[in-house]
Amino acid sequence: MQRTYDLIIVGAGPAGLMAAKAAGEEGLKTALLERKKDISKIHRSCGGVLNINEPTFGEVVRFNDEKNTITFSQSGFSIYYDGPHQDVYGFQVYSPGGLRLEFGDFAQLRKNPEENRLGVAVSKGQLLSDLLVQVEKLGVDVFHNTNVCSVKKNKDSVEVLIEDDSSFKGSMVVAADGINSRIARFMGVNRGRDFFGTSRDTSMMIEGTDCPDPDGFLFMFTPKGVFSMIPVAEKNCYHIYASTFQCDVKPIDLLEYFVYQDPTFSPWYKNSKILKHRTACVVNLMSPIQKPFVDNVLFIGDACWRREMSNVGSMCTGWKAGKTIAKALDDGMPNEEGVMEYLEWYQENYYGPKGDRKQGGRDFSNYLTPDDLDYLVKLSDETFPQTMDIFKVVNCIGKTYAELFPRIYEEKPDVMDRMMLVRENMEDDMKQRISWGFRNA
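Since the structure is predicted, the reported quantities are computational estimates derived from the model, not experimental observations.

### A word on the overall build of the chain
- Scanning the chain for helices and strands turns up 12 helices and 21 strands.
- For the chain, whose C-alpha radius of gyration is 23 Å, the value lies close to the compact-globule estimate of 22 Å for 441 residues.
- Dimensions of the chain along its principal axes, counting C-alpha atoms only, are 70 × 50 × 35 Å.
- Scored against the burial criterion, the 441 residues of the chain give a buried share of 54%.
- Sequence separation of 24 or more characterises 74% of the internal contacts of the chain that already satisfy a separation of 6 or more.
- Surface exposure of the chain reaches about 19,700 Å², of which carbon and sulfur atoms provide 47%.
- Each charge class in the chain can be summarised by its mean position, and for the 52 positive and 62 negative side chains these summaries are 4 Å apart.

Right under this line is the structure:
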């Protein structure tokens, strides 16, 4: 059986739902295909944080607690959200001994949360469910438990084939099927992307922590690697993450070490209650797609990016895609020329500023001892500018320690030698990381 639509959207995450919402509002006959039976159940490791009050891919989002609205000021749309949330104030980076690089003074910032917070952790399941209700009210046909097995371009349409041998036919297709996009594999798009290895992540949700400033995105360096923690929507609850590229290391073993054995950080969780033992995901890291349009298929959100584009970035690509495709079809241009406005916008706000950044292969724990890292963090007594932009964090740290090189060389020449090895071996370390992965192009 074949069903015919103006637009077919694959994937009901933040990007796909926003594309469906925008297309539905423009009156397109739209089909939304989703492999999960229930999109509100989040099975993979995901924080659910929305970046706000700071530019994210050219967009600035505002969150209104009283009106329960999330407003995308540059794109010109708002969505309703009345679920739980926690404020997020930025990054903190901890050394193995518990010293830290602070990106903002959280104690001062939380005195005025509406003005100073740079993120809100929301219930991603509720956010998606609310969007789904709106999409269905707009007349979009939603097909759950639907697995796409191939996509092919015909003379005047695109055909999406399903596992049950049925198919959907449309003028255009939006691929919003996530970081390990099946459509990108089917269409050979990944063959033109650089591969940076396979990350295996696991996380657990806890209630309560004795961390001094838990309301941020925290990175903790330990002898076993780098761990992270971030608030989730429910008050006083957090996600703790472990990640590895090594094929012979189990992420759950790393997480168990961090929560129960690490001498510096496990005391944070002595009185914590484990709410969900773990979620997990396996992610192939690849370079972003420079031009995310092939054979009338437009790739949006994580499907065209190196890793999580962020919820804000994904929703913006969905919104822009739905509106642009509606105009293209109205103008009788179901082709690349018709979506040129979207491609230029993507180049300006996404690929141009951040798409061609090289992926680093650094693993400091292989070179620097815990004492080395404690010493380096102790050297910097400044509070860095508050941000939720990881690129700004990396740039600030790099600039600071470049200026400290003469002092490090004078005080700790052996540490300086090991730091130089990190730089010298970066290419070899990346080759090792890639060899552990399993590129599925």
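Once the structure has been displayed, the description carries forward.
### So, the pairing of strand β14 (residues 167-175)
- Judged by how many residues are buried, β14 sits mostly within the fold: seven of nine residues are covered.
- In this sheet, β14 lies alongside strand β1 (residues 2-10) in parallel orientation, the contact comprising eight bridges. Looking at β14, one finds that glutamine 2 is bridged to serine 167.
- With four bridges joining them, strand β13 (residues 158-162) and β14 adopt antiparallel strand pairing. From the neighbouring strand, leucine 161 faces β14, where its bridge partner is serine 167.
- With three bridges connecting them, β14 and strand β21 (residues 297-299) associate as parallel partners. Considered in β21, the bridge of valine 173 is made with valine 297.

### Details of helix α6 (residues 251-260)
- Most of α6 sits out of view: seven of its 10 residues are buried.
- Buried residues of α6: Pro251, Ile252, Leu254, Leu255, Tyr257, Phe258 and Val259, and no others.

### Things to note about the packing of helix α9 (residues 370-379) against helix α11 (residues 413-424)
- Axis separation between α9 and α11 bottoms out at 11 Å; the angle between their running directions is 100°. The orientation of α9 relative to α11 falls into the category roughly perpendicular. Residues Asp372, Tyr375 and Leu376 of α9 pack against Val415, Arg418 and Met419 of α11.

### Notes on the environment of methionine 229
- Locating methionine 229 in the fold gives a position in strand β17 (residues 225-231).
- Between the C-alpha atoms of methionine 229 and serine 203, which are 26 residues apart in sequence, the distance is 9.2 Å.

### Some remarks on the pattern of salt bridges
- If you walk through the whole model with that rule in mind, you get 20 salt bridges.
- A salt bridge links lysine 323 to glutamate 26; its shortest N-O distance comes to 2.7 Å. One end of the pair, lysine 323, is in helix α7 (residues 311-330); the other, glutamate 26, is in the loop between α1 (14-25) and β2 (30-33), and 297 residues separate them in sequence.
- For lysine 323, a relative accessible area of 26% puts it in the partly exposed group.

### Details of the side chain of aspartate 201
- Structurally, aspartate 201 can be placed in strand β15 (residues 195-207).
- In this structure the side chain of aspartate 201 is engaged in a polar contact, spanning 2.6 Å, whose partner is the side chain of serine 199.
- In this structure the side chain of aspartate 201 is engaged in a polar contact, spanning 2.7 Å, whose partner is the side chain of serine 243.

### Some words on the sheet that holds strand β5 (residues 69-72)
- If you trace the three strands from one edge of the open sheet to the other, you get β4-β5-β6, paired in antiparallel fashion. Each edge of the sheet is formed by a strand with only one pairing partner; in this case those strands are β4 (61-64) and β6 (77-80). Between one strand axis and the next, the sheet turns by 20° as a mean value, whatever way the strands run.
- The sheet contact formed by β5 and β6 spans four bridges and is antiparallel. Bridge pairing in β6 places threonine 69 opposite tyrosine 80.

The rules behind each value
- Residues numbered from 1 in each chain as written.
- Predicted model: local features only at pLDDT ≥ 70, side-chain atom pairs only at ≥ 80, totals over all residues.
- Heavy atoms only, no water.
- Helix = DSSP H or I, 4+ residues; strand = E, 2+ residues; numbered from the N terminus.
- Rg over C-alpha atoms; globule rule 2.2 N^0.38 Å.
- Buried < 20%, exposed > 50% of the residue type's maximum accessible area, 1.4 Å probe, protein only.
- Contact = heavy atoms within 4.5 Å.
- Areas by Shrake-Rupley, 256 points an atom, 1.4 Å probe, with all protein chains shown as cover.
- Lys, Arg positive; Asp, Glu negative; His and termini not counted.
- Charge placed at Lys NZ, Arg CZ, Asp CG, Glu CD.
- Pairing = 2+ DSSP bridges.
- Axes fitted to C-alpha atoms, helices over the stretch in contact; angles between N-to-C directions.
- Parallel < 35°, antiparallel > 145°, perpendicular 65-115°, else oblique.
- Salt bridge = Lys/Arg side-chain N within 4 Å of Asp/Glu carboxyl O.
- Polar contact = N/O pair within 3.5 Å; in protein donor to acceptor, adjacent residues only side chain to side chain.

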